[in-house]
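Chain by chain, the residues run as shown.
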Amino acid sequence: MYKRQGQYDLEVARPMAYSDIPQVVEIEQQVAFHPWTQSAFSESIKGADKCWVVEYGNQVVAYLVQSIYTEESHILNLAVKSTRQGQGLGRGLVKKACADASRNGVITILLEVCRNNLTARQLYESEGFLVLGRRSNYYRSGGRSEDALVMKRVLKPSSVKTQ
């Protein structure tokens, strides 16, 4: 994504390829409490999930994995390389996910976010997501667990702006 007047060109995000998985997993291990494995990303690509990456200089710096069902979508995974956080890449991918979902007739988008991840929560809230509930001990890693907040956004067809 390239910045243009304070916004990112969402058309630069491209579908994730199998060859991207090693870089995606490296980012995932840097930033995720309970990181996905290579096989999890591979299954998402192979299945019906929408998988997007953003790259700079042939390096993946952000990605999003989203399932889309008839009228519901679920953002399954979103991460930005730690050195690129705070630059609007996550927001750009969320906007892309919402716009694509809206064009495909989706009415509701759901996601889980770690209760303690205030930066991500603020991003999602600023994009119209509201807290729907809580999943206790949802994220588990190394004998520790964290609660997740379930967030929901209701879309209106063609109302999602990407810029």
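Residues numbered from 1 in each chain as written. Predicted model: local features only at pLDDT ≥ 70, side-chain atom pairs only at ≥ 80, totals over all residues. Heavy atoms only, no water.

Novice: Which parts of the structure should I look at to understand the pairing of strand β9 (residues 144–154)?
Specialist: Working note: regular strand, side chains alternate between the two faces of the sheet. In the sheet, strand β7 (residues 108–114) pairs with β9 via seven bridges, with the strands oriented antiparallel. Bridge pairing links Val113 to Leu149 in β9. Looking at chain direction, strand β8 (residues 130–141) and β9 are connected through eight bridges and run antiparallel. Bridging from a neighbouring strand, Arg134 pairs with Leu149 of β9. Remark: two residues form the turn of the hairpin made by β8 and β9, two consecutive strands paired antiparallel; Gly142 in that turn has positive phi of roughly 55°. (Pairing = 2+ DSSP bridges. Helix = DSSP H or I, 4+ residues; strand = E, 2+ residues; numbered from the N terminus.)

Novice: For this particular structure, what's the right way to read the packing of aromatic side chains?
Specialist: Under the counting rule described, the total for this entry stands at four aromatic pairs. Pairing Trp36 with Phe41 gives two aromatic rings, centres 5.0 Å apart and planes at 45°, and the pair type is tilted. Aromatic pair Tyr138 and Tyr139: ring centres 4.9 Å apart, planes at 90°, arrangement edge-to-face. Members of the aromatic cluster, connected to one another through ring pairs, are Trp36, Phe41 and Tyr63. Against the face of Tyr56 rests Arg84, its NZ or CZ located 4.4 Å from the ring centre. Its guanidinium or amino end placed over the ring of Trp52, Lys96 lies 4.1 Å from that ring's centre, counting from NZ or CZ. (Phe/Tyr/Trp six-rings, centres within 6.5 Å; stacked < 30°, edge-to-face > 60°. Lys NZ or Arg CZ within 6 Å of the ring centre and 35° of its normal.)

Novice: Could you clarify how one ought to interpret the side chain of Asn77 in this entry?
Specialist: Along the chain, Asn77 falls in strand β6 (residues 72–80). Among the residues examined, Asn77 registers a relative accessible area of 9% and is labelled buried. A polar side-chain atom of Asn77 sits 3.2 Å from a polar atom in the side chain of Glu28. With residues near it in sequence (within four places) discarded, Asn77 still touches Glu28, Trp36, Phe41, Tyr63, Leu64 and Val65. (Buried < 20%, exposed > 50% of the residue type's maximum accessible area, 1.4 Å probe, protein only. Polar contact = N/O pair within 3.5 Å; in protein donor to acceptor, adjacent residues only side chain to side chain. Contact = heavy atoms within 4.5 Å.)

Novice: Looking at this model, I keep getting lost on the sheet that holds strand β3 (residues 14–15). Mind explaining?
Specialist: Across a sheet, strands are paired by hydrogen bonds formed along the backbone, either parallel or antiparallel in direction. With respect to topology, seven strands assemble into an open sheet ordered β3-β4-β5-β6-β7-β9-β8, the strand pairing being mixed. The sheet is open, and its two edges are formed by β3 and β8, each paired on a single side. Contacting β4 (50–56), β5 (59–68) and β6, helix α1 (residues 21–31) runs over the sheet at an angle of about 85° to β5. In the packing of helix α2 (residues 38–46) onto the sheet, the strands contacted are β4, β5 and β6, and the crossing angle to β5 comes to about 60°. (Axes fitted to C-alpha atoms, helices over the stretch in contact; angles between N-to-C directions.)

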